[in-house]
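Residues per chain, in single letters:
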Amino acid sequence: MLLGLSEWFWQERRWFPKGLGWSDLEDRDGRVYAKAHDLWVALPIALIFLIIRQIFERTVATPLASLLGVKETARLKVPHNPTLESYYCNITKTPTETSITSLCKQTGYSGRQVHQWFRRRRNQDRPSLLKKFREASWRFTFYLLAFIAGLAALIDKPWLYDLKEMWQGFPVLTLLPSQYWYYMIELGFYSSLLFSVATDVKRKDFKEQIVHHVATILLLSFSWCVNYIRAGTLIMLVHDSSDYLLESAKMLNYAGWRNACNYIFIVFAAIFIITRLVIFPFWIIYCTWVYPVTIYEPFFGYYFFNGLLMILQCLHIFWAVLIIRIAIRFLTHNEKVDDERSDKDETDESDEEEEDNSNMKKKGPVQNGHTVHNNNHSKTE
């Protein structure tokens, strides 16, 4: 049954234009073509990346964090309470006022003590500043090296300057060694991100990140199998062109270098918008969606490939909205650039502020500990 399913899945009419097929990609006359079984190489590369990352974070990122003055915030541990711990783990991390009243009766704690326990318990689960810095350092290093390597591999290729060259001679396009390693390393890296997603810093766009990693892996794998390699290398280069700037801004933010972080973020925002909202949709997607139909009739692989590109573009728009919001807030109010996707530690003063606000709602405005009555009557009263 598996053999029949495999034959059905790999039918030539699904993945190639009419009149072309797998036989056109058989090695001959010293010309080498991409093969589906080459993709297995990405798995050991992903495992190697996971090992290198652990070594890098301990030997490079941690000393760098100390050099830049990244300091850990001391977090108070909560006293063990089975009732509150069970509620926190099994029901919700942010109980309502009604639930807090019920928990007070069960534990003998005051409302403020319950608030404080949940706040400190949430802080314990949040990643430390050092963990965030080490993760950003690793990604910064990879994205920067990948961008430089990708640029070096494509700088002399005609399809970097004339996108229509992506389809010149398709699908009989010889595989170059630089393309092979560019693909395998990028595929291995994104696979390693998918493997480590459970232990990485979990942000508010966690689901979007998962979709992005899966779509990227599918896109790279599919483009490799059907020899869309020229398009794939351009897509990777566009994505790597701005990511290292974002990670460097994060590193400076964690180190408390506010001005440097803000200005690098503005540069990142400009490059992100140009590459992801202009070059990617109007140049690259145009040359994968519009131009190919002038050469051959559309087929399933054509729609599948462009469908994955559209998923990435939707994610680009989602992230662009967040980036523009942060940039506007900085440019108009000179505020500190913060990653809106990250959870921030809650301070001990937060409960006191909440309690004061609650008292104000119940008793009205207060001044010097006494209620201020409204004596501003109009003349007509």
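Before going into details, it helps to say that this report is about the structure given with it. These numbers were taken from a predicted model, which means no experiment stands behind them. (Residues numbered from 1 in each chain as written. Predicted model: local features only at pLDDT ≥ 70, side-chain atom pairs only at ≥ 80, totals over all residues. Heavy atoms only, no water.)

Now for unusual backbone geometry. Phi at N227 is positive, roughly 65 degrees, even though this residue is not glycine. On the basis of relative accessible area, N227 is assigned to the buried category, the value being 2%. (Buried < 20%, exposed > 50% of the residue type's maximum accessible area, 1.4 Å probe, protein only.)

Further remarks concern the side chain of T107. By the secondary structure assignment, T107 is in helix α5 (residues 97-107). There is a polar contact of 3.3 Å between the side chain of T107 and the backbone nitrogen of Y109. Apart from the residues within four sequence positions on either side, T107 is in contact with N81, T83, L84 and V114. (Helix = DSSP H or I, 4+ residues; strand = E, 2+ residues; numbered from the N terminus. Polar contact = N/O pair within 3.5 Å; in protein donor to acceptor, adjacent residues only side chain to side chain. Contact = heavy atoms within 4.5 Å.)

Let's shift gears to the packing of aromatic side chains. The full count for this structure, using the stated rule, is 27 aromatic pairs. An angle of 70 degrees between the planes, with centres 6.1 Å apart, marks the rings of F49 and W138 as edge-to-face. Taken together, the residues span a long stretch of sequence, with F49 in helix α3 (residues 42-68) and W138 in helix α7 (residues 129-154) at a distance of 89 residues. With respect to burial, F49 and W138 carry one shared label: buried. A network of ring pairs unites the aromatic residues F49, F56, W138, F142, Y143, F189 and Y190 as a single cluster. (Phe/Tyr/Trp six-rings, centres within 6.5 Å; stacked < 30°, edge-to-face > 60°.)

Considering all chains together, one arrives at 7 salt bridges under this definition. Residue E57 pairs with R134 through a salt bridge whose shortest N-O separation is 3.6 Å. With E57 in helix α3 and R134 in helix α7, this pair connects stretches of sequence that are 77 residues apart. E57 sits in the buried class, given a relative accessible area of 7%. (Salt bridge = Lys/Arg side-chain N within 4 Å of Asp/Glu carboxyl O.)

Empty space among the atoms becomes apparent when a probe as large as a water molecule is rolled across them. Tallied over the entire structure, the rule returns 3 cavities of 30 Å³ or more. Estimated volume of the second largest cavity: approximately 80 Å³. Listing elements by their share of the lining of the second largest cavity, those giving two or more residues are α8 (177-195), α9 (206-225) and α10 (229-255). Here the lining of the second largest cavity is composed, by residue class, of 6 nonpolar, 3 polar and 2 charged. (1 Å grid on protein atoms, 1.4 Å probe; cavity = no way out; pocket = protein on both sides within 12 Å on 5 of 7 lines; lining within 4 Å. Points joined across faces, edges and corners; volume = space filled by probe spheres on them. Nonpolar A, V, L, I, M, F, W, Y, C, P; charged D, E, K, R; others polar.)

For the rest of this paragraph, the subject is the environment of V172. The topology assignment puts V172 in the loop between α7 and α8. The class of V172 is partly exposed, set by a relative accessible area of 31%. Spatially, the C-alpha atom of V172 lies 6.3 Å from that of L25, the residues being 147 residues apart in sequence. With residues near it in sequence (within four places) discarded, V172 still touches D24, R31, Y33 and N227.

This next bit is on helix α4 (residues 82-90). Here α4 has its buried residues at L84, Y87 and Y88. In an axial view of α4, the angular spread of the buried residues amounts to 100 degrees, which keeps them on one side of the axis. The exposed residues of α4 that point more than 90 degrees off its buried face are P82 and N90. Between the side-chain oxygen at the start of α4 and the backbone nitrogen of T83 there is a gap of 3.1 Å, and the oxygen is on N81. (Arc of directions from axis to C-beta.)

Let us now look at the packing of α8 against α10. Two numbers describe how α8 lies on α10: the axes approach to 11 Å, and their chain directions differ by 55 degrees. Taken together, the axes of α8 and α10 are oblique relative to one another. α10 is crossed by α8, and the crossing has left-handed handedness. Here Q179, Y182, Y183, E186 and Y190 of α8 come into contact with α10, specifically with I229, R230, G232, T233, M236, L237 and D240. Taken together, the residues of the contact of α8 with α10 sort by class into 6 nonpolar, 3 polar and 3 charged. (Axes fitted to C-alpha atoms, helices over the stretch in contact; angles between N-to-C directions. Parallel < 35°, antiparallel > 145°, perpendicular 65-115°, else oblique. Left-handed = near helix turned anticlockwise from the far one by under 90°.)

Turning next to the side chain of N227. Among the structural elements, N227 can be located in the loop between α9 and α10. A distance of 3.1 Å separates the side chain of N227 from the backbone oxygen of L173, its partner in a polar contact. Other than its neighbours up to four places away in sequence, N227 contacts L25, Y33, A34, F170, P171, V172 and L173.

For any two helices packed against each other, the geometry comes down to the angle between their axes and how far apart the axes lie. As a packed pair, α7 and α8 sit with axes 10 Å apart at the nearest point and diverge in direction by 160 degrees. Comparing the axis directions of α7 and α8 gives the class roughly antiparallel. Here α7 runs over α8; the crossing is left-handed. Only S178, Y182, I185, E186, F189, Y190 and L193 of α8 make contact with α7, whose side of the interface consists of W138, R139, F142, Y143, A146, G150 and A153. Classifying every residue of the contact of α7 with α8 by side-chain character gives 10 nonpolar, 2 polar and 2 charged.

Remark: the principal bend of α3, roughly 45 degrees, maps to E57. Looking only at α3, the buried set comprises A42, I45, A46, F49, R53, F56, E57, A61, A65 and L68. Along its buried surface, α3 packs onto α7, α8 and α10. (Bend = angle between axes of the 7 residues up to and from the residue.)

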